[in-house]
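Listed here are the chains, written in short residue letters.
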Amino acid sequence: MSSLFEMLTSAQNGQAINQMARQFGLSQQQAQDAMEALLPAFSQGLKRNASTPNDLGSFLNALASGQHAKYFEDATKAFSPAGMQEGNGILGHLFGSKDLSRAVAAQASQATGIGQSILQQMLPALASMIMGGLFKQSTGQMQGAAPSGNPLQQIIEQMMKQGGAFGQPAPAETPRQRAPQP
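Predicted model, so just to flag it, every value in this text is computed and none were measured.

Here the focus is the environment of Phe42. Within the secondary structure, Phe42 sits in helix 3 (residues 28-49). With 52 residues separating them along the chain, Phe42 and Leu94 place their C-alpha atoms 7.1 Å apart. Among all residues touching Phe42, those that are not within four sequence positions of it are Leu4, Leu91, Leu94, Phe95, Leu123, Leu126, Ala127 and Ile130.

What follows covers helix 8 (residues 98-112). Spanning 15 residues, helix 8 covers 21 Å between terminal C-alpha atoms, matching the ideal 21 Å at 1.5 Å per step. Considered for burial, the residues of helix 8 that qualify are Ser101, Val104, Ala105, Ala108 and Ser109. Buried residues of helix 8, viewed axially, fall in a sector of 135°; they line one side. More than 90 degrees from the buried face of helix 8, the exposed residues found are Asp99, Gln107, Gln110 and Ala111. Packed against the buried residues of helix 8 are helix 3, helix 7 (81-95) and helix 9 (116-138). Once helix 8 finishes, Gly113 follows within two positions and takes phi at roughly 80°, a positive value.

Next up on the list: the packing of aromatic side chains. To describe a pair of aromatic rings, you give the distance between the ring centres and the angle between the ring planes. Evaluated as defined, the whole model comprises two aromatic pairs. Ring geometry for Phe24 and Phe79: centres 5.6 Å apart, planes at 85°, overall edge-to-face. Taken together, the positions of Phe24 in helix 2 (residues 16-24) and Phe79 in the loop between helix 6 (75-78) and helix 7 put the pair 55 residues apart, joining distant regions of the chain. When sorted by exposure, Phe24 lands in the same class as Phe79, which is buried.

In this structure, Leu38, Phe42, Met122 and Ile130 are the most contacted members of the largest nonpolar core, which totals 50 residues. Element by element, the count of residues in this core is highest for helix 9, at 11 residues. Apart from the residues lying within four places of it in its own chain, the contact partners of Met122 are Met20, Phe24, Leu26, Ala31, Ala34, Met35 and Leu38.

Within helix 2, seven of the nine residues are buried, which leaves the element mostly enclosed by the surrounding structure. Within helix 2 the residues assigned to the buried category are Ala16, Ile17, Asn18, Gln19, Met20, Ala21 and Phe24. Trailing helix 2 by a residue or two, Gly25 shows a phi angle of about 65°, which is positive.

This part covers the packing of helix 7 against helix 9. Packed helices, taken two at a time, are described by the angle between their axes plus the distance between the axes. Running from amino to carboxyl end, helix 7 crosses helix 9 at an angle of 85°, the nearest separation of the two axes being 7 Å. When the axes of helix 7 and helix 9 are compared, the pair comes out roughly perpendicular. Only Gln121, Leu123, Pro124, Ala125, Ala127, Ser128 and Met131 of helix 9 make contact with helix 7, whose side of the interface consists of Gly83, Met84, Glu86, Gly87, Asn88, Ile90, Leu91 and Phe95. Of the residues assigned to the contact of helix 7 with helix 9, the class counts are nine nonpolar, five polar and one charged.

A separate point is the environment of Leu126. Among the secondary structure elements, Leu126 is positioned in helix 9. By relative accessible area, Leu126 is classed as buried at 0%. Taking the C-alpha atoms as reference points, Leu126 and Ala78, 48 residues apart in sequence, are found 7.7 Å from one another. If sequence neighbours within four positions are ignored, Leu126 has contacts with Leu8, Met20, Met35, Leu38 and Phe42.

Let us look at the environment of Thr76. Structurally, Thr76 can be placed in helix 6. Residue classification places Thr76 among the partly exposed residues on the basis of a relative accessible area of 41%. Between the alpha carbons of Thr76 and Met20 there is a distance of 8.3 Å; along the sequence they are 56 residues apart.

Contact geometry of helix 3 with helix 7 gives a least axis separation of 8 Å together with a crossing angle of 70°. Taken together, the axes of helix 3 and helix 7 lie roughly perpendicular to each other. Contact residues: Ala41, Phe42, Gly45, Leu46, Arg48 and Asn49 in helix 3; Leu91, His93, Leu94 and Phe95 in helix 7. When its residues are assigned to classes, the contact of helix 3 with helix 7 shows six nonpolar, three polar and one charged.

How each quantity is defined
- Residues numbered from 1 in each chain as written.
- Predicted model: local features only at pLDDT ≥ 70, side-chain atom pairs only at ≥ 80, totals over all residues.
- Heavy atoms only, no water.
- Helix = DSSP H or I, 4+ residues; strand = E, 2+ residues; numbered from the N terminus.
- Contact = heavy atoms within 4.5 Å.
- Expected span 1.5 Å × (residues − 1).
- Buried < 20%, exposed > 50% of the residue type's maximum accessible area, 1.4 Å probe, protein only.
- Arc of directions from axis to C-beta.
- Phe/Tyr/Trp six-rings, centres within 6.5 Å; stacked < 30°, edge-to-face > 60°.
- Core = buried A, V, L, I, M, F, W, Y, C linked by side-chain atoms within 4.5 Å.
- Axes fitted to C-alpha atoms, helices over the stretch in contact; angles between N-to-C directions.
- Parallel < 35°, antiparallel > 145°, perpendicular 65-115°, else oblique.
- Nonpolar A, V, L, I, M, F, W, Y, C, P; charged D, E, K, R; others polar.

Next up, the structure:
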């Protein structure tokens with residue numbers, strides 16, 4: 001999970017973890033452990049959102065808006081009511097339900113010993129910061145970004161080279177039925 005983790009630890013010249021720790025009353029090591037425990041779920045959610053042309057198109061349109069970059073550049077903005085609201089929206093797209101978000105926090109709590117409620121509060125801030133970081137990576141605005149280590153980054157770059165979301169504007173947002181997973 002090093003590519004998302006490295007991206008986040010590079011935010012604000014490495015100060016994002018310190019800000020995360022202060023915001024949630026954790027030590028720097030606890031904040032780092034929490035991020036490491038939560039990021040695999042984000043990675044899976046991002047991969048799931050790139051699995052079909054429609055999902056990828058919607059994701060790329062959200063990413064291309066650039067509205068999330070401010071949360072990567074200043075983690076305190078990710079903790080604001082607007083940042084948390086946007087983060088919750090991102091979580092809805094990545095995880096699909098609040099129940100899954102709670103399960104992610106519960107699993108990370110077991111792995112780290114950090115309270116589940118703290119981890120649940122961290123999730124939307126991390127979501128906003130991740131989207132901001134991915135935007136900055138995809139537009140070449142990050143120093144030392146290593147796209148070869150990030151499969152999502154490769155997909156994004158390939159799509160942008162092909163003219164965006166398959167060269168077509170994304171259809172209007174409509175709820176899409178998914179087959180239930182066993």
